[in-house]
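Working through the structure, step by step
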Amino acid sequence: MNVIGPLLRARLRRDAVQLTLWIACTLALAAAAVVGVRGQFPTVEDRQGLLAAAIANPVILLFRGLPSGSDEAAFTTFLIAPFLMLLAALMSTFLAVRHTRGDEETGRAELIAATPAGRSAALIATVGHGILADVVLGALVALAFLGFGYPARGSLVLGLSVTATGLVFFAVALVAAQVVRTSRVANAIGVWAVLIGLLVCGLGNALGTPSADLQRMRSAPLAWISPYGWAENVRAFDADDARPLLLSLALTVVCALVAFALHRSRDLGGSLLPAPRGAAAAGRLLSGPLGLAWREGRGAVIGWTVGGLVVGLLATHLSSVIAQIGDTIPSVQAVLQALAAQGSLAQGAVEVFFTLAGILAACAGVQMIARLRQDEAAGLAEPLLAAAVSRSRWLGAGLALSAAAIIGVLGAAVVGAAVGLATTDGGDTSLLRDAVVSAGGQALAAAAIAVIAALAFVFVPRLAVVIGWAVVGVAAIVGLFGPLLGLPDAVVRASPLASVPVVSGDTVDPRGAVVWAIVVIVAGGAAVLGIRRREVVADR
């Protein structure tokens, strides 16, 4: 076991930059939230008003935490805690897959297993690495809130919640890496587990029971089947009850034991689910780069499309839930009447949900571009380009599949919205028009993000994947949280997700449609022209 230390140090060196960026971004988001709350909601009355509006509108609770009072620290936690946990979960998921299934694909795991260290040493070192990363992240989050003058006990409990959530999804990703054969699929399973857990918790909070003064919410049982629900129900800076985190600890231990058991029972490079056997001969679909791109990316496209369908369904179906809550709880009804005077709550729900669908579409589009870089880095692009396939056709196939993924996700969201209206008694059919307009705007935003990723792939290929996903993250954070963080309106509008056409009453606000259309055309053309003069850059 004396080899665990060197293996752990090697992992820390490999991940030094990535983990630093993940942790720095998480701390920056936490700090920005505190500064934003102090600037935008300085008084108790301001915070009480927003909490009442949030509890009255379940859509808001889908994308925030569990309301636990109007104290500044508890209010800040309500707004930002789920997203701190989300970043911890994603960081941990990618770390787990990178050092397990990823190392098996590159041959690193085989080299280590061939030494006296044995097979299990690398997995033990990876577990230690993941625990250390999540503990450091949670500790720094706690210190950050403590540094802003928030109570020590609440800061500690919030930090523990971030750590516990990261560890749960780290362990889930370890199991996924043993079950499937490729790191791509393992990462996809891990990310979908993270997103579904967040959605389930949000639904559980939205369907919960509010207090009479509309300042607190008791989660519905649905939230208690999600690790996010366990972490949020500690109620940092309010009850400070860390006992729900024991559920996170238990699930982490169980998943880790399952991962070790599967690891010991399979061959190195093998998996619980074997890779499907391909056909003996290629069909006509594989006669060109576009068919090949579709064959490689169809699973991811289908997965993102299903996500868009669910988001669209919720966008219109939950409008009836808002009305029902207003009819049954008088205090909520008063808030709803006040809000309705400023615009349609149902329209707001559609806009928020389709912004989420736009983020999913952008993720799908960027993933198709990232696959080009991954194939190039692995040396898979060279045989293709050595044949009668030009670089422009190769990139064009990737861009075409990216566009198809974006259209598929947002088209499915519109279908979901139509189904939601059809299954809702007394549904407002005008919401379908709002859904179509929002989907068109978000398609333009997602396309702009995807072509920026394509530009990075052409001109800075080694950084293409990082830049592509960073653009998605920054656009989502600025577009969704810019007003909360007190960012200037010009900065918020710089995010394509926040500056595309939306419905405002009976009219359509065109916003930056022309600007982003020009960006898509110019950047896409520059990428196609630039790829013709670039050398293949393989990481070998």
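Now for a quick tour of the structure. Source: prediction; values computed, not measured. (Residues numbered from 1 in each chain as written. Predicted model: local features only at pLDDT ≥ 70, side-chain atom pairs only at ≥ 80, totals over all residues. Heavy atoms only, no water.)

1. Overview of the overall build of the protein
- Per the secondary structure count, the protein includes 21 helices and 4 strands.
- For a compact globule of 540 residues, the expected C-alpha radius of gyration is about 24 Å, and the protein comes in at 24 Å, within 12% of that figure.
- Each principal axis of the C-alpha distribution contributes one length, and for the protein these read about 65 × 55 × 40 Å.
- When the 540 residues of the protein are sorted by exposure, 53% land in the buried category.
- Within the protein, counting contacts between residues at least 6 apart in sequence, those at least 24 apart form 78% of the total.
- In the structure as shown, the protein presents an accessible area of about 23200 Å², 68% of it carried by carbon and sulfur atoms.
- Each charge sign in the protein was given a centre, from 36 positive and 30 negative side chains, and these centres are 12 Å apart. (Helix = DSSP H or I, 4+ residues; strand = E, 2+ residues; numbered from the N terminus. Rg over C-alpha atoms; globule rule 2.2 N^0.38 Å. Buried < 20%, exposed > 50% of the residue type's maximum accessible area, 1.4 Å probe, protein only. Contact = heavy atoms within 4.5 Å. Areas by Shrake-Rupley, 256 points an atom, 1.4 Å probe, with all protein chains shown as cover. Lys, Arg positive; Asp, Glu negative; His and termini not counted. Charge placed at Lys NZ, Arg CZ, Asp CG, Glu CD.)

2. Some thoughts on the side chain of Asp15
- Examined against the element boundaries, Asp15 turns out to sit in the loop between helix H1 (4–14) and helix H2 (16–40).
- Looking at Asp15, the relative accessible area reads 1%, which means it is buried.
- At 2.9 Å, the side chain of Asp15 and the side chain of His129 are in polar contact.
- Leaving out residues up to four positions away in the same chain, Asp15 has contacts with Thr20, Leu95, Arg98, His99 and His129. (Polar contact = N/O pair within 3.5 Å; in protein donor to acceptor, adjacent residues only side chain to side chain.)

3. Here's the deal with the side chain of Asp240
- Looking at the element boundaries, Asp240 is found in the loop between helix H11 (227–232) and helix H12 (245–265).
- Of the side chains bearing the opposite charge, Arg153 lies closest to the buried Asp240, which forms no salt bridge; the N-O distance is 4.2 Å.
- A distance of 2.7 Å separates a polar atom in the side chain of Asp240 from the backbone nitrogen of Phe237.
- When neighbours within four sequence positions are excluded, Asp240 is seen to be in contact with Arg153, Gly154, Val157, Val234 and Arg235. (Salt bridge = Lys/Arg side-chain N within 4 Å of Asp/Glu carboxyl O.)

4. Details of the packing of helix H18 (residues 430–459) against helix H19 (residues 464–481)
- Relative orientation of the contacting elements H18 and H19 amounts to 155°, with a least axis distance of 8 Å. Between H18 and H19, the angle falls in the class roughly antiparallel. Here H18 runs over H19; the crossing is right-handed. Contacts from Ile449, Ile452, Ala453, Ala456 and Phe457 of H18 reach H19 at Ala464, Ile467, Gly468, Val471, Val472 and Ala475. (Axes fitted to C-alpha atoms, helices over the stretch in contact; angles between N-to-C directions. Parallel < 35°, antiparallel > 145°, perpendicular 65-115°, else oblique. Left-handed = near helix turned anticlockwise from the far one by under 90°.)

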